[in-house]
Number of protein chains: 4
Amino acid sequence: MAFTMSKKKTTIQLRVNYHQVDQMGIVHHAQYAYFLEQARIDWLHQQGVSYATLEQKGIFLPLTEISIEYKRPLRFEDNFFVHTSIDTFEPYYVAFSYHIENEEKTIITTAHTRLVFVDGKTMRAMKCPKFLQDKFTF
Amino acid sequence: MAFTMSKKKTTIQLRVNYHQVDQMGIVHHAQYAYFLEQARIDWLHQQGVSYATLEQKGIFLPLTEISIEYKRPLRFEDNFFVHTSIDTFEPYYVAFSYHIENEEKTIITTAHTRLVFVDGKTMRAMKCPKFLQDKFTF
Amino acid sequence: MAFTMSKKKTTIQLRVNYHQVDQMGIVHHAQYAYFLEQARIDWLHQQGVSYATLEQKGIFLPLTEISIEYKRPLRFEDNFFVHTSIDTFEPYYVAFSYHIENEEKTIITTAHTRLVFVDGKTMRAMKCPKFLQDKFTF
Amino acid sequence: MAFTMSKKKTTIQLRVNYHQVDQMGIVHHAQYAYFLEQARIDWLHQQGVSYATLEQKGIFLPLTEISIEYKRPLRFEDNFFVHTSIDTFEPYYVAFSYHIENEEKTIITTAHTRLVFVDGKTMRAMKCPKFLQDKFTF
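Report on the accompanying structure. (Residues numbered from 1 in each chain as written. Chains lettered and ligands numbered in written order. Predicted model: local features only at pLDDT ≥ 70, side-chain atom pairs only at ≥ 80, totals over all residues. Heavy atoms only, no water.)

**Observations regarding helix 2 (residues 31-46) of chain C**
All names here are of chain C. Applicable threshold: A run of H or I in DSSP counts as a helix once it spans at least four residues, and a run of E counts as a strand once it spans at least two, with each numbered from the N terminus. Take the number of residues in a helix, subtract one, and multiply by 1.5 Å to get its expected span. Relative accessible area decides the class of each residue, using a 1.4 Å probe on protein chains only: under 20% of the type maximum gives buried, over 50% gives exposed, and in between gives partly exposed.
The terminal C-alpha atoms of helix 2 lie 23 Å apart, and with 16 residues this matches the ideal 22 Å at 1.5 Å per residue to within 8%. Burial within helix 2 is extensive, with 13 of its 16 residues counted as buried. Phi for Gly 48, located one or two positions after helix 2, is positive at around 85°.

Below, the structure written as structure tokens:
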């Protein structure tokens, strides 16, 4: 359903800070992992989930896979958009995909991440708690 | 040939610094991109190539793809080893693979990166310069 | 004059990202240097100066001194405000002071930085160019 | 006594990594906070104190003040030395001073930090525990 789909697709706007740029004059590739993290945590907020609160409840979501394709560079003071959507949701993990666009809607980067549900006390994988499941369903 | 192969496989030893750890108490996933970068630049040094000098000559090697699988966490003050080897060498790009092990030789992370040869003046892809080619051949 | 003073005092609002927090559960002290940088570059923007454009013209503003006092911690997802004002403007340098407040207007951090005008070609100190001088005067 | 003094003065050698350099081609000023942290934790190790173990015992040492003077820049692949010594030791806090030199023994940076002893459970200031006190005395 269109409405549900859009609820599960979110966008944040960011601007390149000075320290994020390397001596080639482009955003250092590692910085994108931070952009994706911020986008993912915002996605959770849009579903009514505070990641801070999740961790306080002992539910951790560490990353187990990341892949990023860099198509065009970003430079200092560039504005850009990170679009986030859910890819897969399984009892033990959730996968997101992302694409980053500049102000001209040119694709800068595409990316995927996979995260597992972990019990913060034992640091072992666990099933996604019931109250969270509907947040991740399409 | 064993000798050639070992010349193309390098290892660096690192230790987790305090600021690299997040509030889950494990090394933040983005930090691994820095570990791989340091390992890759060391690999080049072992072949007699200074990446600083390459850039001064206007030969840039920006990253176009990264993928990382996180199997086990690292914690503050852990010692670990980054093993680097060349995967593919083509006229326009070079790919490396990595695995990170802890002191007990347990696999922590595996990773792949792809880099393109870029002309620093035009920021356009170019063929690997002749004098560099033999550094990347197996 | 009140109007001029307020023109020279700016405020940005930020929110703590996950990766900025260390294993004590508080924002790592080094992150504040990035907050101050972003606040300072925004201050310049409010005076009509793009730091990106300055660098393209060969005018660099490297930092020569920083001092920060940490009074209270910030935690993940906290909103906070960085207030920036100009302290001193001399032919060769400019100094800013900052204070960071949380949403309850409690002081989190106070800080000072000093930056010098540098010729990007020679990397030597130079006098602040004429067209910039009025941006920094009170 | 000379021996004691040298025990309380330590040096680590580091090398500038690629990601630590900004688009001016010099090490970004915030990176120095990480160099000082690594030097300080090494200083503790030289006195037989593991900071990881301290935190596990619930003894935290957050930073309350930092000041850095940048005299000369560092560039990619530069080797440098961070010299650390204890400045002041009081029941509730400890202060360190640092100077960073390049390979030619030219001063790059001088710095000071102040840290407080904090009870990890309450996150409140506390007196330095007895078993630690002699580590900090001159």
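**Topic: the pattern of salt bridges**
Definition in use: Salt bridge, as applied in this entry: a Lys or Arg side-chain nitrogen positioned within 4 Å of an Asp or Glu carboxyl oxygen.
The final tally for this structure, using the stated rule, is five salt bridges over all chains. B:Glu69 is paired through a salt bridge with B:Lys71; the nearest N and O atoms lie 3.2 Å apart. Using a relative accessible area of 36% as the deciding quantity, one classes B:Glu69 as partly exposed. The class for B:Lys71 is partly exposed, based on a relative accessible area of 42%. A salt bridge links D:Arg114 to D:Glu65, with the shortest nitrogen-to-oxygen separation between them at 4.0 Å.

**What to know about the interface of chain B and chain D**
Formally: Residue contacts are defined here by distance: any two heavy atoms, one from each residue, within 4.5 Å place the two residues in contact. Contacts described as polar in this section are N or O atom pairs within 3.5 Å, which, within protein, must combine one atom able to donate a hydrogen with one able to accept it, while residues neighboring in sequence count only if both atoms come from side chains. Note on residue classes: Ala, Val, Leu, Ile, Met, Phe, Trp, Tyr, Cys and Pro are nonpolar, Asp, Glu, Lys and Arg are charged, and everything else, Gly too, is polar.
Each side of the interface is counted separately: chain B has 15 residues, and chain D has 15 residues. At the junction of chain B and chain D, the tally comes to zero salt bridges. Applying the counting rule to chain B against chain D returns twelve residue pairs in polar contact (both at pLDDT 80 or more). Those elements that place two or more of their residues in the side of chain B that touches chain D are helix 2 (31-46) and helix 3 (51-56) of chain B. Looking at the side of chain B that touches chain D, its residues break down into six nonpolar, five polar and four charged.

**Thoughts on the packing of aromatic side chains**
The condition that has to hold: For Phe, Tyr and Trp, where Trp contributes only its six-membered ring, two rings pair if their centres lie within 6.5 Å, and the inter-plane angle classes them as stacked under 30 degrees, edge-to-face over 60, or tilted in between. Either the NZ atom of lysine or the CZ atom of arginine qualifies as a charge over a ring when it sits within 6 Å of the ring centre and within 35 degrees of the ring normal.
Scanning all chains against the criterion turns up 48 aromatic pairs over all chains. With a centroid separation of 5.5 Å and 65° between ring planes, the pair formed by A:Tyr51 and C:Tyr18 is classed as edge-to-face. Of this pair, A:Tyr51 sits in helix 3 (residues 51-56) while C:Tyr18 is found in the loop between strand 1 (9-15) and helix 2, placing the two residues in two different chains. Residues A:Tyr51 and C:Tyr18 agree in their burial class; the two are buried. Measuring from ring centre to ring centre gives 4.9 Å for C:Trp43 and C:Phe96, while their planes differ by 75°; the resulting arrangement is edge-to-face. One end of the pair, C:Trp43, is in helix 2; the other, C:Phe96, is in strand 5 (residues 93-102), and 53 residues separate them in sequence. By the burial criterion, C:Trp43 is buried, and C:Phe96 matches it. Each residue in the set A:Trp43, A:Phe89, A:Phe96, A:Tyr98, A:Phe117 and A:Phe136 is aromatic and connected to the rest through ring pairs, giving one cluster. A cation over an aromatic ring shows up here: C:Arg114 above the ring of C:Tyr93, its NZ or CZ 3.4 Å from the ring centre.

That's the geometry; what it means functionally is another story.
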